[in-house]
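Observations on the three-dimensional arrangement
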Amino acid sequence: MSLEISNCADIEPILLCEAMNMAFSDYVVPLHLSVEKFTDFQKQRGFSSRHSFIARTNDEIAAFWFSSAPNPDLGGGTYTLSVGTQPQYRRKGLFAQLLKVVSGQLAAEGASGMQLEVISTNDKAVAAYENAGFQTGRRLRVCKFSTAGIEVSSAGWDLRPIEITALPSEETAFFDWQPTPQNSKKALSALAGKSKAISARANGEVLGWVAFYRDGSVAQLVVRKDQRRKGVGGALLAAAAEAVDNEQLVFVNVDRSDMATNALLDRAGAEDLLEQLEMRLTF
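Residues numbered from 1 in each chain as written. Predicted model: local features only at pLDDT ≥ 70, side-chain atom pairs only at ≥ 80, totals over all residues. Heavy atoms only, no water.

**A look at the nonpolar core**
Within the largest apolar cluster, 27 residues are counted, with the highest numbers of intra-cluster contacts made by F145, V210, L237, L249 and F251. Counting only elements with at least two residues in this core, the list comes to β6 (135-146), β8 (195-202), β9 (205-213), β10 (217-223), α6 (232-243), β11 (248-255) and α7 (259-267). In terms of residue count, the dominant contributor to this core is α6 (seven residues). Apart from the residues within four sequence positions on either side, L249 is in contact with C143, K144, F145, T147, I150, G216, V218, L237, A240, A241 and V244. Counting 23 residues, the second-largest nonpolar core is a separate cluster that includes F53, Y89, Y129 and F134. (Core = buried A, V, L, I, M, F, W, Y, C linked by side-chain atoms within 4.5 Å. Buried < 20%, exposed > 50% of the residue type's maximum accessible area, 1.4 Å probe, protein only. Helix = DSSP H or I, 4+ residues; strand = E, 2+ residues; numbered from the N terminus. Contact = heavy atoms within 4.5 Å.)

**Notes on the environment of L140**
Mapped onto the elements, L140 comes out in strand β6. It is 12 Å that separates the C-alpha atoms of L140 and L116, two residues lying 24 residues apart in sequence. Residues within four places of L140 in sequence aside, it is in contact with E117, T180, N253, V254, D255, R256, L274, E275, Q276 and E278.

**Regarding the sheet that holds strand β1 (residues 4-7)**
Pairing between sheet strands relies on hydrogen bonds along the backbone, with the strands arranged either parallel or antiparallel. The 12 strands are arranged β1-β2-β3-β4-β5-β12-β6-β11-β10-β9-β8-β7 in an open sheet whose pairing can be described as mixed. Both outer strands of the open sheet, β1 and β7 (158-161), are each paired with one neighbouring strand and no more. Sheet twist, expressed as the mean angle between neighbouring strand axes with direction ignored, is 25 degrees. Note that strand β3 (residues 60-67) and strand β4 (residues 78-85) share five bridges and pair antiparallel. Note that in β4 the partner of F66 across the bridge is S82. In this fold helix α2 (residues 35-45) packs onto β3, β4 and β9, with an angle of close to 145 degrees to the strand it touches most, β4. (Pairing = 2+ DSSP bridges. Axes fitted to C-alpha atoms, helices over the stretch in contact; angles between N-to-C directions.)

What follows is the structure, given as structure tokens:
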């Protein structure tokens, strides 16, 4: 099999979108991204065409490894957006060949490593990453619930929209754990117009916020540490439910160790969809 590996600098988004849809065409829920959705995906997750690579054979994209550039927010590491191979080209070593090229390029530029998420029940993918040297870190919950089922009083809190750029820059008073890259402030800002945030205030102070995308995907639900267990989180959850057009909210990548947030979601009737593993490879 004649094979050519190159970065994505000169590849049109429509071709990359088609390759991604084909790679996930035989999943339980096949992927059907439009080009618009794919470009949103690229912006949100920090796609870098120079650090992303494809394996091409027979004039088609057989496999891909989409990556961000080295990111100071990740300690100089990079984020792998997606890795995939078309069904007919699997078990031909393309994963290992792409990883060698991608990691070599990133290491040469001083990146400290790579991180990604993989569905915990995808045994073959988890094993492939483990065999390549990736180690499992956090376990991340993905769940959904109907907006109609959320009945929380917002009385006592001043709930109002807030610009993503106006969210508190000092985060230690709010966060116990950092959102995954696609839920970061940078990601939310990259999709300005398709993302929104609502803050809860008292006496002019921000006590917490919920940030979400237009489609109902919630990126952040944060309450200041000294204001927890007072109903702020529930009020923000209710505000998000009222603000989205969708009939459900979806929380992607909630750290399993966050007992308070997970308990709040459970009380709201959250239905688990899947669990992801955050995995890292250090150079």
